[in-house]
Amino acid sequence: GQQLNQSPQSMFIQEGEDVSMNCTSSSIFNTWLWYKQDPGEGPVLLIALYKAGELTSNGRLTAQFGITRKDSFLNISASIPSDVGIYFCAGHAGNNRKLIWGLGTSLAVNP
Amino acid sequence: NAGVTQTPKFRVLKTGQSMTLLCAQDMNHEYMYWYRQDPGMGLRLIHYSVGEGTTAKGEVPDGYNVSRLKKQNFLLGLESAAPSQTSVYFCASRSSGEQFFGPGTRLTVL
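Residues numbered from 1 in each chain as written. Chains lettered and ligands numbered in written order. Predicted model: local features only at pLDDT ≥ 70, side-chain atom pairs only at ≥ 80, totals over all residues. Heavy atoms only, no water.

**A few points about the packing of aromatic side chains**
For step 1, the next point in the chain: Scanning all chains against the criterion turns up eleven aromatic pairs over all chains.
For step 2, the next point in the chain: Ring centres 5.2 Å apart and planes at 40° place the aromatic pair Y35 of chain A and W101 of chain A in the tilted group. Remark: W101 of chain A occurs in strand β10 (residues 100-101) and Y35 of chain A occurs in strand β4 (residues 31-37); sequence separation between them is 66 residues.
For step 3, the next point in the chain: Residue classification places Y35 of chain A among the buried residues on the basis of a relative accessible area of 0%.
For step 4, the next point in the chain: Exposure remark for W101 of chain A: the relative accessible area of 4% places this residue in the buried category.
For step 5, the next point in the chain: Site record: aromatic cluster; members linked through ring pairs are Y35, F88 and W101 of chain A together with Y31, Y33, Y35, Y48 and F101 of chain B. (Phe/Tyr/Trp six-rings, centres within 6.5 Å; stacked < 30°, edge-to-face > 60°. Helix = DSSP H or I, 4+ residues; strand = E, 2+ residues; numbered from the N terminus. Buried < 20%, exposed > 50% of the residue type's maximum accessible area, 1.4 Å probe, protein only.)

Laid out in structure tokens, this is it:
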């Protein structure tokens, strides 16, 4: 099935650094969602984006819905150890019943 | 609200055995989903439901069946388990655009 291109696949950073990850699609999306998954847990929604160009923050997290509607990015500022986990992007294309998922970005933070 | 709950949390089956995974949500959501997650594969949709009494196939439906007899419950069945079905299974329900996930069921098929 269709998948999003999510990059980078993994990141290893120092505590306090900023992080950026992004997702791209070959088709236009109506919704972009960013999730975080901790080990042994289900994904938890971080940010939802519904309009092209929309920029939304959630604490130290900021995400944007690309103006072309084919991409989105997530930034984490001043990373801390609890930011460790796998971050997934997901979106709705023409058929709004199913989400299309990226393969995830694994983030490790060195204290 | 408990959100989305899944039972059981863990299960070990022998090849050929059957079992049912239960998902329950108390948010009155119409849409519910079953995914499996394998290393390096992300989340793959097995089946989904757009309302009570309806089901539809997702990306990887073979070997699984589902039922949505009540709005709050979505059951995933394995009639004859195979080692390839060893995975972590997640249920989700959906409001306007966002899906909310349960804690997962870790299934091992020997």
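**Description of the pattern of salt bridges**
For step 1, the next point in the chain: In this structure the tally under the stated criterion is five salt bridges over all chains.
For step 2, the next point in the chain: In this structure, R60 of chain A engages D83 of chain A in a salt bridge whose closest nitrogen and oxygen atoms are separated by 2.8 Å. Here D83 of chain A lies in the loop between β8 (71-76) and β9 (85-92) and R60 of chain A lies in the loop between β6 (55-58) and β7 (61-65), a separation of 23 residues in the sequence.
For step 3, the next point in the chain: By relative accessible area, which is 28% here, R60 of chain A ends up partly exposed.
For step 4, the next point in the chain: Overall, D83 of chain A belongs to the buried group, its relative accessible area being 5%.
For step 5, the next point in the chain: One salt bridge in this structure joins E30 of chain B and K71 of chain B, with 2.8 Å as the shortest N-O distance. Taken together, the residues span a long stretch of sequence, with E30 of chain B in the loop between β3 (19-25) and β4 (31-38) and K71 of chain B in the loop between β7 (65-67) and β8 (73-78) at a distance of 41 residues.
For step 6, the next point in the chain: Its relative accessible area of 18% is what places K71 of chain B among the buried residues.
For step 7, the next point in the chain: Each of R36, D38 and R44 of chain B takes part in salt bridges that share partners, so that together they form one network. (Salt bridge = Lys/Arg side-chain N within 4 Å of Asp/Glu carboxyl O.)

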